[in-house]
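Notes for the structure review
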Amino acid sequence: MSKLPGLRVALLLFALSYHEKLPTAKSEDSQKEHTASKETLRLVQIIIRHGARAPIGRFPNDPYKNQTLYWPEGWSELTQVGFHQHLELGKYLRKRYDGFLPQKYSKFDFQCDSTDVDRAIQSAEANVAALYKFPPIVTELGFLEPIWQFVPIHTIPFSSDTLFNNKGNCPRYLTLFRDVYSLTVQQYSMQNAEFLHFVSKNGGFDNKEDFGNSMKVQDSLLTEVKKYLQLVSSITSVCREKNCFSENYGEVDYRTEY
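So, here's what we can say about the structure.

About the criteria used
- Residues numbered from 1 in each chain as written.
- Predicted model: local features only at pLDDT ≥ 70, side-chain atom pairs only at ≥ 80, totals over all residues.
- Heavy atoms only, no water.
- Helix = DSSP H or I, 4+ residues; strand = E, 2+ residues; numbered from the N terminus.
- Areas by Shrake-Rupley, 256 points an atom, 1.4 Å probe, with all protein chains shown as cover.
- Buried < 20%, exposed > 50% of the residue type's maximum accessible area, 1.4 Å probe, protein only.
- Arc of directions from axis to C-beta.
- Phe/Tyr/Trp six-rings, centres within 6.5 Å; stacked < 30°, edge-to-face > 60°.
- Salt bridge = Lys/Arg side-chain N within 4 Å of Asp/Glu carboxyl O.
- Axes fitted to C-alpha atoms, helices over the stretch in contact; angles between N-to-C directions.
- Left-handed = near helix turned anticlockwise from the far one by under 90°.
- Contact = heavy atoms within 4.5 Å.
- Nonpolar A, V, L, I, M, F, W, Y, C, P; charged D, E, K, R; others polar.
- Pairing = 2+ DSSP bridges.
- Core = buried A, V, L, I, M, F, W, Y, C linked by side-chain atoms within 4.5 Å.

Before going further, it helps to spend a moment on the overall build of the chain. Across its full length, the chain holds 8 helices and 4 strands. Put simply, the chain runs from its N terminus to its C terminus through helices and strands in the order β-α-β-α-α-β-α-β-α-α-α-α. Surface accessibility of the chain: about 15,100 Å² in total, with carbon and sulfur atoms responsible for 54%.

With respect to the helices, strands and loops of the structure, Leu-231 is situated in the loop between α7 (210-226) and α8 (236-241). Here the alpha-carbon distance between Leu-231 and Tyr-64, two residues 167 residues apart in the chain, equals 9.2 Å.

What follows deals with helix α6 (residues 193-202). If you check which residues of α6 are buried, you get Phe-195, Leu-196, Val-199 and Ser-200. Along α6, the residues classed as buried sweep out an arc of 130 degrees about the axis, all on the same side. Along α6, exposed side chains directed more than 90 degrees from the buried face belong to Glu-194 and Lys-201. Positive phi shows up at Gly-204, right after α6, with a value of about 95 degrees.

What follows deals with the packing of aromatic side chains. Taken as a whole, this structure holds 5 aromatic pairs when the rule is applied. Here Phe-110 and Tyr-132 contribute two aromatic rings whose centre-to-centre distance is 5.5 Å and whose plane-to-plane angle is 75 degrees, an arrangement assigned as edge-to-face. In this pair, Phe-110 is assigned in strand β3 (residues 110-114) and Tyr-132 in the loop between α4 (118-131) and β4 (153-154), connecting sequence segments 22 residues apart. There is no split in this pair, since Phe-110 and Tyr-132 are both buried. Measuring from ring centre to ring centre gives 5.8 Å for Tyr-188 and Phe-211, while their planes differ by 75 degrees; the resulting arrangement is edge-to-face.

All right, on to the pattern of salt bridges then. Under the criterion given, the structure shown has 3 salt bridges. The partner of Asp-219 in a salt bridge is Arg-53, and the shortest N-O contact between them spans 2.6 Å. Taken together, the residues Asp-219 in helix α7 and Arg-53 in the loop between β2 (44-49) and α2 (67-70) connect sequence positions 166 residues apart. Classification of Asp-219 by relative accessible area gives buried; the value is 5%. Look at Arg-53 and you get buried, because its relative accessible area is 3%.

Another point: the environment of Ala-52. By the element assignment, Ala-52 lies in the loop between β2 and α2. Residue Ala-52 is classed as buried on the basis of its relative accessible area, which comes to 1%.

Attention now goes to the packing of α6 against α7. Axis separation between α6 and α7 bottoms out at 8 Å; the angle between their running directions is 65 degrees. For the element pair α6 and α7, the recorded crossing hand is left-handed. Together, Leu-196, His-197, Val-199 and Ser-200 of α6 and Asp-210, Phe-211, Asn-213, Ser-214 and Val-217 of α7 make up the contact between the two elements. Counted by class, the contact of α6 with α7 contains 4 nonpolar, 4 polar and 1 charged residues.

Another aspect to go through is the pairing of β3. Counting buried positions along β3 yields 5 of 5 residues, so the element is predominantly enclosed. Both faces of β3 are covered, namely the face carrying Phe-110, Cys-112 and Ser-114 and the face carrying Gln-111 and Asp-113. In this structure, β3 lies alongside β4, joined through 2 bridges in parallel fashion. Note that in β4 the partner of Cys-112 across the bridge is Ile-153.

This part takes up the nonpolar core. Core analysis: the largest hydrophobic core is formed by 17 residues, its most contacted members being Leu-93, Phe-110 and Tyr-132. Residue assignment for this core shows that the elements contributing at least two residues are β2, α3 (80-97), β3 and α4. Among the elements that take part in this core, α3 stands out by supplying 4 residues, more than any other. Val-185, Phe-195, Met-215 and Cys-239 belong to the second largest nonpolar core, which has 14 residues in total.

As structure tokens, this is what we get:
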């Protein structure tokens, strides 16, 4: 990210996982705590994940595997829930930094960078739309400005991204990641063999890749929870016991692409 003279807020969005639960200011005192001081701040850098997305794929026995009916956005794309998450987050950021961040957009005050992935870019668009959404005003030339301001979202090709996509640009990192990944998967699979086999079998898989299958099931169930779908799968109760709906469940990313 280039350093711009006088830059006050830098918003960075990346496409690795879900957007975390939004903070809220419910009381007058808590709202004061969430209001940034214009006198003490110099530069703010905010790193945010994208909003809730559709599953990366589906598992055979998933009752919500019909993409046309349940995931019209497409696999792994931002859902309406994710869109509204970032609208709310943009409103929260405006409350927090209003007075420090001017209400009218300027490239000398604010810059938004995103990974070159649709769900991250869409999240950024929703976020800044809420961050800079104010009543229409009449400009010096007499034009009526829209209710939101047009804020550029900066991206670079994912293959040459050195800010977010370390995997694609560091051979040494890839080597170390594969070594650690293999060891972690082996240890986790040995410790949870019965559970992983149960999930794989009841998920409808006919191969023996129990760990990878269970991660695909977990990804689908987690995205369905985010979309407030009722989980009716026979796997659900067991997965709840294992805390599979936690963002950090497994602590291993089985996917090779985002």
